[in-house]
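# Overview (structure and organization)
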Amino acid sequence: MTQFILWGLTASPYQLKMQSLLDYAGHSWERWPDQAGRWSALTMAVRLQSAKRRGAVRRFPAMSAQFDEYPAVPFYTQDGDVFYYDSSALAHHLDDRQQLDHPPLVPRDSRMTFVCQLLDEAFDEFGLYMVHHMRWVTSARTTPMGDMTARELRALLPPGFTPLLASRLYHRQVSRCPYLFSVAPEGFDVGMSPLRTPPARAGFPPTHALLDEAWRRYVAAMESLLAQQPFLLGGRFTLADASAYGQLGMNMVDPEAAALLQELAPRTWRWLCAIRGGEHRSAKGELALTPALQPLMAVISETFIPLMRQNEAAYEVARARGETLFNEAAFARGRALYDGQLLGYPFRAVVKTFQVRVWREVQASWRALQAGDRDMLERDLYPTLRELNQP
Ligand SMILES: N[C@@H](CCC(=O)N[C@@H](CS)C(=O)NCC(=O)O)C(=O)O
């Protein structure tokens, strides 16, 4: 058992995902800066900043300099000197030991590895949009994110600054909604001050209906799956569950979103509570690819896959035009934008290079499967995966 320090915030879905991975692998962890003293938190913050500036924060097994950017949070370290990031990479890192004392977080069977990767990325990339929307739109009036996060950052702040940071955080995150795919209709009003009202953006079609519909479909798919088996890939926890837990579990602190989840999907709610409580550690059942995953695969094939495809196509077009700025920096300047469609709704988004990497990796894994394995997955189990065969 090794002690990990997670540099992150409870409000972050990737933080929750990392916690659940470490719990399953039997490692103890602390969440810093929340659980550190002021001096330790400040020294670690300085070390992490310096590592980021030097480009010395690692991603296991390797980082893509062309596509990757460091996140704001979370990071992990064991010795306080070498920092790593990326929640999915943590699962691979934990599995990369001679003698594993936990069942592998990433399944070893090639078909299962692929399905696990697809589920993980779908929750990380598209799940994030849905749950950010559920927090800042559905729970606009009640989310405690700002206060909770400012309190967790208190060790890094001068005395008396937490309320100021809290109100800044509410405003920052609400303003980021359009970057994270949630665009309000013109004149949208949730009964909050303008600083906490999710914004419309000129030239951007509203996407609230699209995200509400997608979230309900993901949640219904989880509910039907959990009625048939305890985890996404059968009898025990894997990286795919960690990812689903991280995203859906993020809304457990957002009162309206949490109430809706409990009402629409009580089984899923109990599943999230069990993982939060570490109960997934004891499940040691067999892994299996079953038809119970079909509804989830179907909604992933209608949301995540077409979004990744459209993002990559837009990346190629933008590069051919000579564009060099992407992601949030480009969004802020109205650059590298493209128009697309999802679930029959129009949207406008910015090209995200890290999603180009994700999509290319998913496609490469799909193509690397033996033809017979691809057939078995697509023909016998999850017909909607035929989406992956399109050029
Ligand atoms: N791929 C990373 C994603 C981490 C991530 O996107 N973190 C968010 C916070 S939840 C972030 O840093 N967003 C940029 C920001 O808040 O400035 C992982 O899986 O750990």
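Above: the structure in question.
First things first, this report covers the structure right here in the doc. Remember, predicted model here, so these are calculated numbers, not experimental data.

Let us now look at the packing of aromatic side chains. Two aromatic rings are characterised by how far apart their centres lie and by the angle between their planes. With the rule as written, the count across this model stands at 19 aromatic pairs. Summarising the aromatic geometry, the rings of Tyr70 and Tyr85 are spaced 5.4 Å apart at their centres and angled 85 degrees between planes, so their arrangement reads as edge-to-face. Placement of the pair is Tyr70 in the loop between helix 2 (38-53) and strand 3 (75-77) and Tyr85 in strand 4 (residues 83-85), with a sequence separation of 15 residues. Given a relative accessible area of 3%, Tyr85 falls into the buried group. Their ring planes at 55 degrees and their centres at 5.3 Å tell us that Tyr315 and Phe326 sit as a pair that is tilted. Taken together, the positions of Tyr315 in helix 12 (residues 304-320) and Phe326 in the loop between helix 12 and helix 13 (327-332) put the pair 11 residues apart, joining distant regions of the chain. Clustering of aromatic rings is evident, with ring pairs tying together Phe123, Phe126, Tyr129, Phe181, Tyr218, Tyr338 and Phe347. Of note, Arg348 hangs over the ring of Phe204, and the distance from its end group to the ring centre comes to 5.7 Å.

Here the focus is the packing of helix 4 (residues 110-138) against helix 7 (residues 208-226). The interhelical angle for the contact between helix 4 and helix 7, taken along N-to-C directions, is 115 degrees, at an axis separation of 10 Å. Along this stretch, helix 4 crosses helix 7, giving a crossing that reads as left-handed. Where helix 4 approaches helix 7, its residues Ala122, Phe123, Phe126, Tyr129, Met130, His133, Met134, Val137 and Thr138 are matched on the opposing element by His208, Leu211, Asp212, Ala214, Trp215, Tyr218 and Met222. Its residues assigned to classes, the contact of helix 4 with helix 7 comprises 12 nonpolar, three polar and one charged.

Here the focus is the site of the ligand. What surrounds the ligand is the set Ser12, Pro13, Tyr14, Pro71, Ala72, Val73, Pro74, Asp86, Ser87, Arg172 and Arg176. At 2.7 Å from a nitrogen atom of the ligand is found a main-chain nitrogen or oxygen belonging to Val73. A distance of 2.8 Å is found between a nitrogen atom of the ligand and a side-chain nitrogen or oxygen belonging to Asp86. Contact with the protein chains hides 76% of the accessible area of the ligand, taken as 510 Å² for the molecule alone. Among the residues forming the shell around the ligand, the class breakdown is six nonpolar, two polar and three charged.

Quick look at the environment of Arg270 now. Here Arg270 lies in helix 10 (residues 266-276). On the basis of relative accessible area, Arg270 is assigned to the exposed category, the value being 51%. C-alpha separation for the pair Arg270 and Glu302, spaced 32 residues apart in sequence, amounts to 27 Å.

One can describe the packing of helix 7 onto helix 10 by two numbers: an axis separation of 8 Å at closest approach and a directional angle of 80 degrees. Comparing their axes, helix 10 and helix 7 come out roughly perpendicular. Mapping the contact onto sequence places Val219, Met222, Glu223 and Leu226 in helix 7 and Pro266, Arg267, Thr268 and Trp271 in helix 10. A per-class count over the contact of helix 7 with helix 10 returns five nonpolar, one polar and two charged.

With that settled, the discussion passes to empty space enclosed by the protein. A probe as big as a water molecule, rolled over the atoms, marks out the empty space that is left. One pass over the full model with this rule turns up one cavity of 30 Å³ or more. Estimated volume of the largest cavity: approximately 70 Å³. Taken together, Tyr129, Pro178, Tyr179, Phe181, Leu307, Phe331, Tyr338, Arg348, Ala349, Val350, Lys352 and Gln355 make up the lining of the largest cavity. Of the residues forming the lining of the largest cavity, the biggest block, three residues, is contributed by strand 6 (residues 345-350). A class-by-class count of the residues in the lining of the largest cavity yields nine nonpolar, one polar and two charged.

On to the side chain of Glu223, then. Here Glu223 is to be found in helix 7. Setting aside anything within four residues of it in sequence, one finds Glu223 in contact with Leu264, Ala265, Pro266, Arg267 and Thr268.

So, on to the pairing of strand 5 (residues 337-342). Taking every second residue as pointing to the same face, the buried face of strand 5 carries Tyr338, Gly340 and Leu342, while none of Leu337, Asp339 and Gln341 on the other face is buried. Relative to strand 6, strand 5 runs antiparallel, the two sharing six bridges. When the sheet's bridge partners are listed, Leu342 is paired in strand 6 with Tyr345. Here strand 5 folds back onto strand 6, and the loop between the two strands holds two residues, one of which, Leu343, carries a positive phi near 50 degrees.

Calculation criteria
Residues numbered from 1 in each chain as written. Predicted model: local features only at pLDDT ≥ 70, side-chain atom pairs only at ≥ 80, totals over all residues. Heavy atoms only, no water. Phe/Tyr/Trp six-rings, centres within 6.5 Å; stacked < 30°, edge-to-face > 60°. Helix = DSSP H or I, 4+ residues; strand = E, 2+ residues; numbered from the N terminus. Buried < 20%, exposed > 50% of the residue type's maximum accessible area, 1.4 Å probe, protein only. Lys NZ or Arg CZ within 6 Å of the ring centre and 35° of its normal. Axes fitted to C-alpha atoms, helices over the stretch in contact; angles between N-to-C directions. Left-handed = near helix turned anticlockwise from the far one by under 90°. Contact = heavy atoms within 4.5 Å. Nonpolar A, V, L, I, M, F, W, Y, C, P; charged D, E, K, R; others polar. Near = heavy atom within 4 Å. Polar contact = N/O pair within 3.5 Å; in protein donor to acceptor, adjacent residues only side chain to side chain. Areas by Shrake-Rupley, 256 points an atom, 1.4 Å probe, with all protein chains shown as cover. Parallel < 35°, antiparallel > 145°, perpendicular 65-115°, else oblique. 1 Å grid on protein atoms, 1.4 Å probe; cavity = no way out; pocket = protein on both sides within 12 Å on 5 of 7 lines; lining within 4 Å. Points joined across faces, edges and corners; volume = space filled by probe spheres on them. Pairing = 2+ DSSP bridges.

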